[in-house]
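# Structural overview
Spelled out from the first residue to the last, the chains are:
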Amino acid sequence: MDEATLRILEFNKVRGLLAGFTQTAPGGELARGLRPLAERDEVAQALDETAEMQVLHDQRGRPPLGGTRELSGHLQHLAVPGAFLPPEALLEVLSSIEAAAECRRYLAAAEAAPRLFEKSRGLEVPETLRRLLRESIGARGEILDSASFALADMRRGLRLTRERIRRVLEALFNDERLASAFQERLVTERNGRYVVPVRADHRGQIKGFIHDESASGQTLFVEPVQTLADNNALQALLREEKREEERILRRLADEVRAQAALLAANQRLLALFDLRAAAARFALATAAVAPRLEDRPLIALRAARHPLLLLGPDGRPRGLEVVPVDLLLGAEGDTLIISGPNTGGKTVALKTLGLLTLMVRCGLPVPCHPDSSLHLFGKIFADIGDEQSIEASLSTFSGHLLRLRAVLEQADGDSLVLLDELGTGTDPAEGGALAMAVLDALRGRGARTLVTTHLNLVKGYALLNPGVENAAVSFDHETLRPTYRLHYGAPGASSALTIARTLGFDEGVLRRAESYLGVEEREGLAILEELHRRSQCLEEDLAESGRLRAQAQVERDKRRRLLEDLEQGRQAILEKARRRGEDLVRRAEARVKQLLKEAQELSGSTAEAARLSGEMRQVRAALSQETAAKPAQGRVPREVRAGELLRIPALGAEAEVVRVSGQEVELVLHGKKLRLPLAELEQYKPPRFAQQKRGVGGVRGRVERSRCETRLKLVGERIDDALPRLERFLDDALLHGLREVEIVHGAGSGALRRAVREFLAAQAEVESFHAAELERGGDNLTIVQLRGA
């Protein structure tokens, strides 16, 4: 990828942001060195792995990567024969091994991340090295006694020797004859040997060797002769301890050296997982998504936002209101010319497209709408900003020309070219001619090009060449401020005088400037601004139409779901009634068979029994046919009026007409509004109305509508009689859309109350039930909550 393009598009800042989201040093280094990926499959895999890491981040938090350490330096050091590592470095090796084990467990339990799980299988844990390091190195980087039996024995000997020396010195402190000789009762060390502080004027009282004296010369640090032998033994043991520790470190270094390739491979994988986790956190912070990757050279980044406007250098949200922009260039078009006022967002649009394309090429999600798509261009070129160089004796225009020459030399059919203010910096006529020639050359090479311009020649280029489209950054003429949105299909006016006026420029100067404009040029600018205003109004109308269409779709879906729920409720009730009827038939049949058997035993007539059995089978078959038969279709209404009652065959219910709209009517059913076509309804003959007005003769007619009680009294009834009534009562309540009913069963012996509540507990339509409050009847009454339709 072109290095100048990476610099111009500030890709290094994005890499720094990403590094700030990493947890480990290797992950940070990988983020800071991030480069565009060469193959499409690599990009798709990186985007998929980042998406999986986002899911894991939401479900299980960050992956356990914090223990990963940078081991490259340690492994390079061990490449030298005979070299060994200090305990602190070995502790870092152990920390990285533990991180690999924890990360592998984290990903192995993640069913939502199959790609990451497959990659985590490359993490290997050297168990022998892990055990040796655990036994040998402590949490503070010290060598443990358990590192070897010899070291443990030496340190035991060191502790005993130190205790003997301290006991001898404590005995000297406690000797009253020597009490005046000591500066203070303190045992200290000098040159690795235990000494006591003795007053200089009492040096003759303590026999021994003077190792040091205080700065004032008043205190001498003396090693008494009584501890000479033990101090010598202590020094010998310390030298042996050092030799044993070095032997242990060399042995551990050999084990690490043997696993160097495995440790290096683990570090690369852990760094990659850290990078994916950082990209996932970046995506969560910026609402970034992975656009659909296109094989055709097209751009459709909708609601795109520049990530550096969303996040500060420390990765925290800036809190700015970032206006999203649609960046579109279809497969049939090859060039987009963006015009409009300064400070309107033309350059930001170019940089946003270039940076987001680079990020996707690196396998990073980008801040845009999920319904976005993008081609992975093999080359990206950008000429944005000031290329002036005093050292190279280059003017701004010369710098742009050199950059354009390099772009023309390298661009091909898989290139994206971004050119800011093409043709400016020189005479407008010559600059415009040069700009159009550059566009001709880029189009001839098959490149996709986006340019910004203020030159009318370049704006007109789009009108004369198919495949070239104009777009304009919008300008609010009421507030006299840019809106930072792109409108496609028409060029934009530069509005230089309008912007100067908003910045408080001298009005007299502005009027004089307007007078210098020719009449035709002023009229042309006015027409251009009016065209842009109308285009903007049209886009707003289209957006409002889309919003209303989406709202209508939501209402249609809501109606469909309501009808489906009602139909399911109706079918459930009918199925329950059918099962209840079949059960009654089976019980009646069993009872009749029993009676036949008894009659046969009494009369001995088998012929009569056979005849009755046949009649029972006929009745049963007729019942089955009646159950399966469909209700007859009624008359499809042609003309209906508000207040008329129509039947809904799909629900087996009637509803009142509220409003008629062509071939559709709006109905009210149990307090809920429905909108249905006339073809799905049936009309009564003669028509029925919810409420009829008075006629001429004063005759009043009305239709009685069924009414459902909210309370059922079962007090004093037998259980066998009460439960069927309760079941019918619940069915009626569900059909009328009731959510709460009351069952009055009284107290008595409690048998009826238990039977009622056991029955309620077995009903799927019952959401919950409980005894009423004391003031409403307490345990004599049960409140039932029903599930809504």
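Residues numbered from 1 in each chain as written. Predicted model: local features only at pLDDT ≥ 70, side-chain atom pairs only at ≥ 80, totals over all residues. Heavy atoms only, no water.

## What to know about the sheet that holds strand β3 (residues 208-213)
Let me state the cut-off plainly: Whether two strands pair depends on DSSP finding at least two bridges between them. Helix and strand assignments come from DSSP, with helices taken as H or I runs of at least 4 residues and strands as E runs of at least 2, each series counted from the N terminus. Working convention: axes come from line fits to C-alpha atoms, limited for helices to the stretch in contact. Angles between N-to-C directions cover 0 to 180 degrees. In this description, contact between two residues means that some pair of their heavy atoms is separated by no more than 4.5 Å.
Strand order across the open sheet formed by four strands is β1-β2-β4-β3, with antiparallel pairing between neighbours. Looking at which strands have only one partner, the edges of the open sheet turn out to be β1 (188-190) and β3. Neighbour-to-neighbour, the strand axes of this sheet turn through a mean angle of 50°, independent of strand direction. Contacting β2 (193-199) and β4 (219-224), helix α9 (residues 149-174) crosses the sheet at an angle of about 10° to β2. Of the strands in this sheet, β2, β3 and β4 touch helix α10 (residues 228-258), which is tilted by about 140° from β2.

## Section: the packing of helix α6 (residues 87-108) against α10
Basically, it comes down to this: Handedness of a crossing is defined here by the sense of rotation of the near helix relative to the far one, left-handed for an anticlockwise turn of less than a right angle and right-handed for a clockwise turn.
Between α6 and α10, the least distance of the axes is 11 Å, while the angle of their chain directions is 35°. Pair α6 / α10 crosses with left-handed handedness. Residues Pro87, Leu90 and Val93 of α6 form the contact with α10, whose participating residues are Leu249, Leu252 and Val256.

## Some words on the sheet that holds strand β20 (residues 711-713)
Read across the sheet, four strands follow the order β20-β21-β23-β22 without closing on themselves; strand pairing throughout is mixed. The sheet terminates laterally at β20 and β22 (766-771), the two strands that pair on one side only. Neighbouring strand axes in the sheet, compared pairwise and without regard to direction, differ in orientation by 20° on average. Relative to strand β23 (residues 781-786), β22 is paired through five bridges, and the arrangement is antiparallel. When the bridges of β23 are listed, Val766 appears paired with Leu786. Across the sheet, helix α21 (residues 719-735) touches β20, β21 (740-744), β22 and β23, and the angle it forms with β21 is around 165°. The strands touched by helix α22 (residues 751-761) are β21, β22 and β23; relative to β22, the strand with the most contacts, the crossing angle is about 155°.

## Regarding the confidence of the model for the protein chain
Counted only if it meets this: Note: pLDDT gives the predictor's confidence per residue, expressed from 0 to 100.
The predicted model of the protein chain averages 83 in pLDDT, with 86% of residues at 70 or higher. Across the protein chain, the element-wise mean pLDDT spans from 55 in helix α20 (residues 606-628) up to 95 in helix α11 (residues 260-286). Low pLDDT, under 50, characterises residues 388-393; the predicted model gives this stretch four contacts beyond four residues in sequence or across chains. Overall, residues 692-705 carries pLDDT values under 50, and its contacts beyond four positions in sequence, including any with other chains, amount to eight contacts.

## Some thoughts on the packing of helix α2 (residues 11-20) against helix α3 (residues 25-32)
Quick note on the threshold: Small angles under 35 degrees read as roughly parallel and large ones over 145 as roughly antiparallel, with 65 to 115 read as roughly perpendicular and the rest as oblique. Note that Gly is not counted as nonpolar here; it falls among the polar residues with everything else outside the nonpolar set of Ala, Val, Leu, Ile, Met, Phe, Trp, Tyr, Cys and Pro and the charged set of Asp, Glu, Lys and Arg.
Where α2 contacts α3, the two axes come as close as 8 Å, and the packing angle between them is 165°. As the angle between them shows, α2 and α3 are arranged roughly antiparallel. In this structure, α2 crosses over α3, and the sense of that crossing is right-handed. Of the residues in α3, those touching α2 at Arg15, Leu18 and Ala19 are Gly28, Ala31 and Arg32. Each residue belonging to the contact of α2 with α3 can be placed in one class, and the counts come to three nonpolar, one polar and two charged.

## Quick look at the pattern of salt bridges
Condition: One speaks of a salt bridge when a side-chain nitrogen belonging to Lys or Arg is within 4 Å of a carboxyl oxygen belonging to Asp or Glu. For each residue, the accessible area found with a 1.4 Å probe, counting protein chains only, is set against the maximum for its type, and the residue is called buried under 20%, exposed over 50%, and partly exposed in between.
Inspection of every chain in the model, using the stated rule, returns 44 salt bridges. In this structure, Glu52 and Arg115 form a salt bridge, with 3.0 Å as the shortest nitrogen-oxygen distance. With a gap of 63 residues between them, Glu52 in helix α4 (residues 40-60) and Arg115 in helix α7 (residues 114-120) connect regions that are remote in the sequence. In this structure Glu52 comes out as buried when scored by relative accessible area, which is 5%. On the basis of relative accessible area, Arg115 is assigned to the partly exposed category, the value being 41%. Taken together, the shared-partner salt bridges in this structure form one network comprising Asp145, Arg155, Arg159, Glu241 and Glu245.

## Structural notes on α11
Note the threshold: Helix span is expected to be 1.5 Å times the residue number reduced by one.
Between the first and last C-alpha of α11 there are 39 Å, a value that for 27 residues agrees with the 39 Å anticipated at 1.5 Å per step. In terms of residue burial, α11 counts as a mostly covered element, since 20 of its 27 residues are buried. Two residues or fewer past α11, Ala287 is found with a positive phi of approximately 55°.

## Considerations on the packing of aromatic side chains
Inclusion rule: Stacked, tilted and edge-to-face are the three classes applied to pairs of Phe, Tyr and Trp rings, where Trp contributes its six-membered ring and a pair requires centres within 6.5 Å; stacked means planes under 30 degrees apart, edge-to-face means over 60, and tilted covers the rest. Counting as a charge over the ring demands two things of the Lys NZ or Arg CZ atom: a distance within 6 Å of the ring centre and an angle within 35 degrees of the ring normal.
According to the stated counting rule, one finds two aromatic pairs in the structure shown. Summarising the aromatic geometry, the rings of Phe21 and Phe282 are spaced 6.4 Å apart at their centres and angled 75° between planes, so their arrangement reads as edge-to-face. In this pair, Phe21 is assigned in the loop between α2 and α3 and Phe282 in helix α11, connecting sequence segments 261 residues apart. With respect to burial, Phe21 and Phe282 carry one shared label: buried. Their ring planes at 75° and their centres at 4.8 Å tell us that Phe173 and Phe182 sit as a pair that is edge-to-face. The residue whose ring lies beneath Arg190 is Phe221, and the NZ or CZ to ring-centre distance is 4.0 Å. In this arrangement the basic side chain of Arg688 is found over the ring face of Tyr684, its NZ or CZ atom lying 4.4 Å from the centre.

## Description of the environment of Ala462
Structurally, Ala462 is set in helix α16 (residues 456-464). Judged by relative accessible area, Ala462 falls into the buried class, the value being 9%. When neighbours within four sequence positions are excluded, Ala462 is seen to be in contact with Ile337, Val468, Glu469 and Asn470.

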